[in-house]
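# Fold and geometry: a report
Now for the letters of each chain:
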Amino acid sequence: EYALLQNYPNPFNATTKIKYTIPNVIANEVKQSHLVTLKVYDVLGNEVVTLVNDELSAGEYEVDFSASSLSASGIRNIVSGIYFYQLRAGNFVQTKKMVFLK
């Protein structure tokens, strides 16, 4: 079944790992892939970054989220606080909270 695990470490300073699982889905005897998105949002609901936006087959996945590389590249000014990460795949949607400390 689908699973979105708590990021580790949490709270985090520079980087954290986010793990998730996509299950096997068989339709008409054909294994199906899923459009999977994994996004990070600030406490106001603004999208900070899209970590995954791809068709993925069943399996276990791990993504590194580096807040320092985002602010260093000028994508967004990352400040200490609460952030949310959300996994969407098929009809599955789950959101978890993480804490970033500078």
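What you are looking at is a predicted structure, and each value in this text was computed from that prediction instead of being measured.

### Quick word on the overall build of the chain
The helix and strand inventory of the chain stands at 1 helix and 9 strands. Traced from its N-terminal end to its C-terminal end, the chain shows the element sequence β-β-β-β-β-β-β-α-β-β. Residues counted as buried form 32% of the 102 residues belonging to the chain. Carbon and sulfur atoms make up 50% of the accessible area of the chain, which amounts to about 6100 Å² in all.

### Focus on the packing of aromatic side chains
By the definition in use, this model includes 4 aromatic pairs. Note on Y2 and F92: the rings are 4.8 Å apart at their centroids and 10 degrees apart in plane angle, and the pair reads as stacked. Highlighted residues: Y2 in the segment before β1 (3-4) and F92 in strand β9 (residues 92-100), separated in sequence by 90 residues. Owing to a relative accessible area of 17%, F92 belongs among the buried residues under this scheme. Each ring, one from F12 and one from F65, has its centre 5.9 Å from the other, and the planes form 70 degrees; the classification is edge-to-face.

### As for the pairing of β9
Across 9 bridges, the pairing between strand β8 (residues 81-89) and β9 is antiparallel. The partner of Q86 across the bridge, within β9, is T95. Linking two consecutive strands that pair antiparallel, namely β8 and β9, is a turn of 2 residues; a positive phi of about 60 degrees is found at G90 within it.

### Quick look at the sheet that holds strand β5 (residues 34-42)
The antiparallel open sheet is built from 4 strands, whose spatial order is β6-β5-β8-β9. Since the sheet does not close on itself, it has two edges, and those belong to β6 (47-56) and β9, each with one partner. On average, adjacent strands in this sheet sit at an angle of 15 degrees to one another, irrespective of strand direction.

### Remarks on the confidence of the model for the chain
For residues with low pLDDT, the predicted coordinates do not support detailed interpretation. Counting all residues, the mean pLDDT for the chain is 87, and 85% of those residues have values of 70 or more. Looking at the elements of the chain, mean pLDDT is at its lowest for strand β3 (residues 26-27), recorded as 58, and at its highest for β1, recorded as 97.

### Examining the environment of Y8
Looking at the secondary structure, you find Y8 in the loop between β1 and β2 (15-22). Relative accessible area serves as the criterion here: at 63%, Y8 is assigned to the exposed category. Residues Y8 and M98 lie 90 residues apart in sequence; the distance between their C-alpha atoms is 9.0 Å. Apart from the residues within four sequence positions on either side, Y8 is in contact with T16 and K17.

Conventions used here
Residues numbered from 1 in each chain as written. Predicted model: local features only at pLDDT ≥ 70, side-chain atom pairs only at ≥ 80, totals over all residues. Heavy atoms only, no water. Helix = DSSP H or I, 4+ residues; strand = E, 2+ residues; numbered from the N terminus. Buried < 20%, exposed > 50% of the residue type's maximum accessible area, 1.4 Å probe, protein only. Areas by Shrake-Rupley, 256 points an atom, 1.4 Å probe, with all protein chains shown as cover. Phe/Tyr/Trp six-rings, centres within 6.5 Å; stacked < 30°, edge-to-face > 60°. Pairing = 2+ DSSP bridges. Axes fitted to C-alpha atoms, helices over the stretch in contact; angles between N-to-C directions. pLDDT = per-residue confidence, 0-100. Contact = heavy atoms within 4.5 Å.

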